[in-house]
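Letter by letter, the chains look like this.
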Amino acid sequence: MAARICRFLVLAAVGVFYAGRVAAALPEFASTVEQLKERALDINVQAQTTDERIRFPTKASVTLYVGSQASDLRIVSARVSIDEQPPFSYVFGPGESEALDADGLYRLAHFSAAVGEHRIHAQYLIQARQGAPQDVPSPVEFTGTFLKQAQRAELELTLGRDDVLSPATLHLQTWAAVAEKAGQWGAPLLRALIGDAHPTSGRYVPGDIDDPKIRNARFLAKNGDYLVAAARLSRLQSEWAPTSMAPAYYCVLADVLVSYGMLHRAQTIAERAAQSGVATADLAAVRLRVAEAFYQRGDFDTAEKVLVKVPHRTGGVALTDWQDLQTRLLLAQGRTREAIALLRKTANDADFRSYVRYYNLGVSLLASGAAGQGVTVLDRVGAVAGSADELEFLSDKANVMVGAYFVRSGQGASAIPTLERVHLRGPFSNRALLNLGWAYLAPAGTVQTPVALGDERIVGAPPETIGAQSRNLGDHNLYQRYHLRPYAIAKLSADDDAQLKRALAVWSVLIERDPADSTVPEGMLAVGWALDRIGAHQEAAQLYTRAVKALEQGIGAIDGAQQYVVTGRWIPAVLRQGHTDGVRFERHLTRLPSPQIAPYLRDGFAERAFQDGFATYRDLEVLTANASDWERRLQALGPMRKDSIDDSSSPQAAAPPTADALPAPTDIASTHASISEATVDDDISAQRARIAALQADLAAAADIQEKVLQDQVLKDLAVQRDWRAKLLGGARFELARVYDGVMPGQIH
């Protein structure tokens, strides 16, 4: 009996996690993509400048923003007309409405207006944020005027109200930039004079938190439009040169560039932030974000060089975050002992990130040979009682790891309560059920004494666990679950009989689940082995037959999935879903053309390497669409250029700016009268040529990335197929042995 148990335990242990996942794209390709993004960003900055200098000369330019200061209300749509002209309108999605709540601004319109007074009428449709989706939006209106001077105008129409009982109103704000004082003390002093809150005077320091362009960039970034946000931010410094930008500008720009994947430029901007007088905590947050991005890319050396500049000894969140990233860097580089030493010093709270550090510490201790301490730490993570999905995931993963360790070590009695803590429905429940059955049949082992770490907590087991369910399965109807008559088992001792019953009870839950998960046919093999052991040979043959059929169907589906991937049709199908997050990606995978193959693609698609690679592919698609859009817009600018260059079409001269207002930004549009038509044509032609070259390179990079993704998925499918082929060979062997050895002549 021990020999067969050992053989099946090996099968169970091998399938815990698929090892050897394909790594992310090569570092040199990541560098190529970043260079393409650099070129795309530069093209966007140049094209925006050309577009605005032709369509919106500085003296006539007006930018209109939509904002919200009423956090309990959601803007559904905005509709604004100027001087009875056709209105500008936009319908906001839920995510965009939340971005407005975070003090973001949506740029509703950019238009030209003559110097003088203009009438403005606006209507916003709003809903209570906590109301039902079917609630009819209510209108809020505004009618007023604004005075256009001979410089750029920036208007903000903001929704707000004093309290929840007050009616909602729209407020028109006209913004003007104020001169930045030289030196690091200038910006703080100026903000102290004009106030940090929304200034009623409508003044802001260029690049500071109140700058409408900064708030618009934050809105764009929150909604994932990083390229446009980065382009608008990149124009700011050149527009206001030689005026120095406020520290907040560098922090926001670095954050956007990290999200856009331009890590080296973000690293440069972070250093400028350090020179701008940014607060220590803000600088630490920027550098941590840059270092984290290099870590996620796999560039551990650069991540460590950035991280060493973080002032982590200041305590608080920065210290915890620094320790967290530093330990992950050490673990990724195989420096386990250093990681353990640092993890022991890390503050451990009752939050998710603290338990992630606990988990990393436990895995590191196991890997270093300190099994007693490692199991104790992982057991603590597994004992966490929480309802958050991410915490349940981490807890179950720790329990399965500890349980598998105990089973392999011949400590079945210790494995049982650990595996029983796994949630009954979850990504690790099938593996836990399979291992729990083998734990009942493994040697009981000795009492395992936890290693005291000095900060133990007493927590209860979470509800709906495998243990709570399996205790109800050990009733006298167990054999009826397998359509058996009560057998008198002469071969087994009473203890063996009881343990087999417990194992069969657990496996009876597993084998009724989706056989696309390889643990389910593994469970069928285990049940077949157990039934054969008690002399129920015919019923064992039935289970082996079920396993053979399930495995053959799985292999056939995997073959179909491989063929589906080879055709290349899957990239557009997945791309249309618009999700790169692992959880949402998994939930929407059934949208693929063939639901039969979706379960076999799910694990590969959820892998971090695939998610990162797919995000890169989607970025390339976005860059291609952006380049095509600018190609069309630049082509359409040709007929407009003569009117823009002709000085007679310029707005009338205006009064000089006030004493505290900056002069118009240094911009080619301010001297458009001296620019020849041929010069503009040459500029547009040169930009269109750069766009054409970028489009060709983007197409080549997209082809490379598609091939990388295809190889990743195909290799993952090959791993799944090989494992099922091994199980299939074992199932056929056991089926033949049963028929040939104890049921001769009954093979059908």
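Not measured: the values here are computed from a predicted model.

### Side note on the packing of helix α16 (residues 412–420) against helix α17 (residues 429–441)
Logical step 1: Taken N-terminus to C-terminus, the directions of α16 and α17 make an angle of 155°; their axes are 8 Å apart at the nearest point. Classified by the interaxial angle, the pair formed by α16 and α17 is roughly antiparallel. Considering how the two elements wind past one another, α16 and α17 form a crossing that is left-handed. Contacts from Gly412, Ala415, Ile416, Leu419 and Glu420 of α16 reach α17 at Ala432, Asn435, Leu436, Ala439 and Tyr440.
Logical step 2: Classifying every residue of the contact of α16 with α17 by side-chain character gives seven nonpolar, two polar and one charged.

### Observations regarding helix α6 (residues 226–240)
Logical step 1: Here α6 contains 15 residues, and its C-alpha end-to-end distance of 22 Å stays within 8% of the 21 Å for a straight helix at 1.5 Å per residue.
Logical step 2: Those residues of α6 that sit buried are Leu227, Val228, Ala229, Ala230, Ala231, Leu233, Arg235, Leu236, Glu239 and Trp240.

### Regarding the sheet that holds strand β4 (residues 106–112)
Logical step 1: The sheet built from five strands is open, its strands ordered β4-β1-β7-β8-β9 with mixed pairing. In this open sheet, the two edge strands, each paired with only one partner strand, are β4 and β9 (203–204).
Logical step 2: As judged from the two bridges shared by strand β8 (residues 169–177) and β9, these two strands associate in the parallel manner. By the bridge assignment, Ala177 is partnered in β9 with Tyr204.

### Some remarks on the pairing of strand β3 (residues 88–91)
Logical step 1: The pairing of strand β2 (residues 73–82) with β3 spans four bridges and is antiparallel. Its bridge partner being in β3, Ala78 is matched across the sheet by Tyr90.
Logical step 2: What sits between the antiparallel neighbours β2 and β3 is a turn of five residues, in which Asp83 has the positive phi angle 55°.

### Here we look at the side chain of Arg431
Logical step 1: Along the chain, Arg431 falls in helix α17.
Logical step 2: What makes Arg431 buried here is its relative accessible area of 5%.
Logical step 3: A distance of 3.3 Å separates polar atoms of two side chains, one belonging to Arg431 and the other to Glu522.

### Observations concerning the pairing of strand β5 (residues 116–128)
Logical step 1: Note: β2 against β5, nine bridges, orientation antiparallel. Along β5, the bridge assignment pairs Ser81 with His121.
Logical step 2: Strand direction decides the pairing type here: β5 and strand β6 (residues 138–148), joined by 11 bridges, are antiparallel. Bridge pairing in β6 places His121 opposite Thr143.

### A look at unusual backbone geometry
Logical step 1: Phi angles above zero are rare outside glycine, and Asp83 is one such case at about 55°.
Logical step 2: Inspection of the secondary structure assignment puts Asp83 in the loop between β2 and β3.
Logical step 3: In this structure Asp83 comes out as partly exposed when scored by relative accessible area, which is 32%.
Logical step 4: You will see that Glu84, though not glycine, has its phi angle at about 65°, which is positive.
Logical step 5: Looking at where Glu84 falls in the secondary structure, it is placed in the loop between β2 and β3.

### With respect to the environment of Val520
Logical step 1: By secondary structure assignment, the location of Val520 is in helix α20 (residues 519–533).
Logical step 2: Between the alpha carbons of Val520 and Leu510 there is a distance of 6.0 Å; along the sequence they are 10 residues apart.
Logical step 3: Those residues in contact with Val520 that lie beyond four places of it in its chain are Asn430, Leu510, Ile511, Arg513, Asp514 and Pro515.

### Considering helix α10 (residues 300–307)
Logical step 1: When α10 is considered as a whole, its buried residues turn out to be Thr302, Ala303, Val306 and Leu307. Taken around the axis of α10, the buried residues stretch over an arc of 135°, which confines them to a single face. In α10, the exposed positions angled more than 90 degrees off the buried face are occupied by Asp301 and Lys305.

Basis of the calculations
Residues numbered from 1 in each chain as written. Predicted model: local features only at pLDDT ≥ 70, side-chain atom pairs only at ≥ 80, totals over all residues. Heavy atoms only, no water. Axes fitted to C-alpha atoms, helices over the stretch in contact; angles between N-to-C directions. Helix = DSSP H or I, 4+ residues; strand = E, 2+ residues; numbered from the N terminus. Parallel < 35°, antiparallel > 145°, perpendicular 65-115°, else oblique. Left-handed = near helix turned anticlockwise from the far one by under 90°. Contact = heavy atoms within 4.5 Å. Nonpolar A, V, L, I, M, F, W, Y, C, P; charged D, E, K, R; others polar. Expected span 1.5 Å × (residues − 1). Buried < 20%, exposed > 50% of the residue type's maximum accessible area, 1.4 Å probe, protein only. Pairing = 2+ DSSP bridges. Polar contact = N/O pair within 3.5 Å; in protein donor to acceptor, adjacent residues only side chain to side chain. Arc of directions from axis to C-beta.

Note that every value here comes from positions in space, so none of it alone points to a role or purpose.
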